[in-house]
Amino acid sequence: MDPRALASEQLRSGEHLLWVGQSDPRKLFTGRDGYLIPFSLLWFGIVTTQMIPGTMADGPSFVWVLSVVFAVIGLHMLVGRFLVKRHRKRTEVYAVTDRRVFITNGRSTRETDVRRTDRNVQWTRDRAHCSVQWETGNSGAGAFFGSGNAQAIYANTGLDGFFGPRTTAFWDVPDGDALVSALDGVSVR
């Protein structure tokens with residue numbers, strides 16, 4: 001897949017492409033994994049050691065089916081989300097134009113106005129990767145099942161999109177200087 005060709009297919013009439021890039025698929029862990037991994041281990045461990053064995057003795061029932069569903073959820077939280085995240089990093093393209101920023105995989109596109117200044121730019125300690133996230137406007141305290149600011153809490157974890165729409169953000173970009181320069185150059189106009 002050629003990122004520039006994929007982004008070019010999404011251009012509108014008269015729109016000019018200023019920057020194109022992708023997320024680094026080797027960068028899978030974030031600070032949020034500090035609580036998500038232990039929580040996933042705990043969830044999966046309780047389900048597989050307590051719920052499933054306790055319900056299997058009685059034969060198939062609603063509780064047994066529910067236990068299997070909880071086990072599948074735990075397995076996704078433990079392993080599946082990293083597969084989802086790596087797939088997204090390999091198939092999604094980030095683009096900055098003179099009118100908008102967008103994320104596309106060829107089938108769907110998320111976008112926002114390039115002149116927005118409510119963006120948060122974060123660099124890794126070694127400045128090897130840059131992430132840019134535009135504010136969503138949510139400011140609730142709840143974190144689960146779509147309440148409050150779940151978009152921000154689960155962003156870039158492989159669980160984003162399960163609890164509401166995904167945020168507009170460019171995650172773990174190795175060409176961060178060029179990205180920020182393109183964004184700064186357009187937002188000043």
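Bear in mind that the values here come from a model prediction, so they are computed numbers and not experimental data.

Novice: Can you help me understand the sheet that holds strand β2 (residues 93–97) in this one?
Specialist: Within a sheet, each strand pairs with its neighbour through backbone hydrogen bonds, oriented either parallel or antiparallel. If you trace the four strands from one edge of the open sheet to the other, you get β1-β2-β3-β4, paired in antiparallel fashion. At either margin of the open sheet sits one strand with a lone partner, and together these are β1 (17–21) and β4 (109–113). Along the sheet, successive strands turn relative to each other by an average axial angle of 15°, direction set aside. Sheet topology note: the strand β3 (residues 100–104)/β4 ladder contains five bridges and is antiparallel. Residue pairing across strands places V101 opposite T112, the latter belonging to β4.

Novice: Explain the sheet that holds strand β6 (residues 130–134) here, please?
Specialist: Pairing is antiparallel in the open sheet, where three strands are placed in the order β5-β6-β7. Two strands in the sheet have a free side with no partner beyond their single neighbour: β5 (119–123) and β7 (169–173). Between one strand axis and the next, the sheet turns by 10° as a mean value, whatever way the strands run. Examined bridge by bridge, β6 and β7 share three bridges and lie antiparallel to one another. Within β7, the residue paired with V132 across the bridge is F170. The strands that helix α5 (residues 176–187) touches are β5, β6 and β7; relative to β5, the one it contacts most, it runs at about 160°.

Novice: Help me out: how do you make sense of the pattern of salt bridges in this one?
Specialist: Tallied over the entire structure, the rule returns 14 salt bridges. One salt bridge connects R110 with E92, and the closest N-O pair in it is separated by 3.8 Å. You can see R110 sitting in strand β4 and its partner E92 sitting in the loop between α3 (62–91) and β2, a full 18 residues away along the chain. Using a relative accessible area of 21% as the deciding quantity, one classes R110 as partly exposed. Here E92 falls in the buried class, since its relative accessible area comes to 7%. Linked by salt bridges that have partners in common, R88, E92, R110, D160 and R166 make up one network.

Novice: What is the right way to look at the packing of aromatic side chains in this model?
Specialist: The description of an aromatic ring pair uses the distance of the two centres, along with the angle that the planes make with each other. Considering all chains together, one arrives at six aromatic pairs under this definition. Between W19 and F170, the ring centres sit 6.0 Å apart and the planes meet at 25°, which makes this aromatic pair stacked. In this pair, W19 is assigned in strand β1 and F170 in strand β7, connecting sequence segments 151 residues apart. Considered together, W19 and F170 belong to a single accessibility category, that of buried residues. Seen in terms of ring centroids, F39 and W43 are 5.9 Å apart; in terms of plane orientation they differ by 55°. Their pairing is tilted. Of this pair, F39 and W43 both sit in helix α2 (residues 33–56), four residues apart, which is roughly one turn of the helix. Given the relative accessible area of 35%, F39 is considered partly exposed. Joined through ring pairs, the aromatic side chains of W19, Y94, W134 and F170 make up one cluster.

Rules of the game
- Residues numbered from 1 in each chain as written.
- Predicted model: local features only at pLDDT ≥ 70, side-chain atom pairs only at ≥ 80, totals over all residues.
- Heavy atoms only, no water.
- Pairing = 2+ DSSP bridges.
- Helix = DSSP H or I, 4+ residues; strand = E, 2+ residues; numbered from the N terminus.
- Axes fitted to C-alpha atoms, helices over the stretch in contact; angles between N-to-C directions.
- Contact = heavy atoms within 4.5 Å.
- Salt bridge = Lys/Arg side-chain N within 4 Å of Asp/Glu carboxyl O.
- Buried < 20%, exposed > 50% of the residue type's maximum accessible area, 1.4 Å probe, protein only.
- Phe/Tyr/Trp six-rings, centres within 6.5 Å; stacked < 30°, edge-to-face > 60°.

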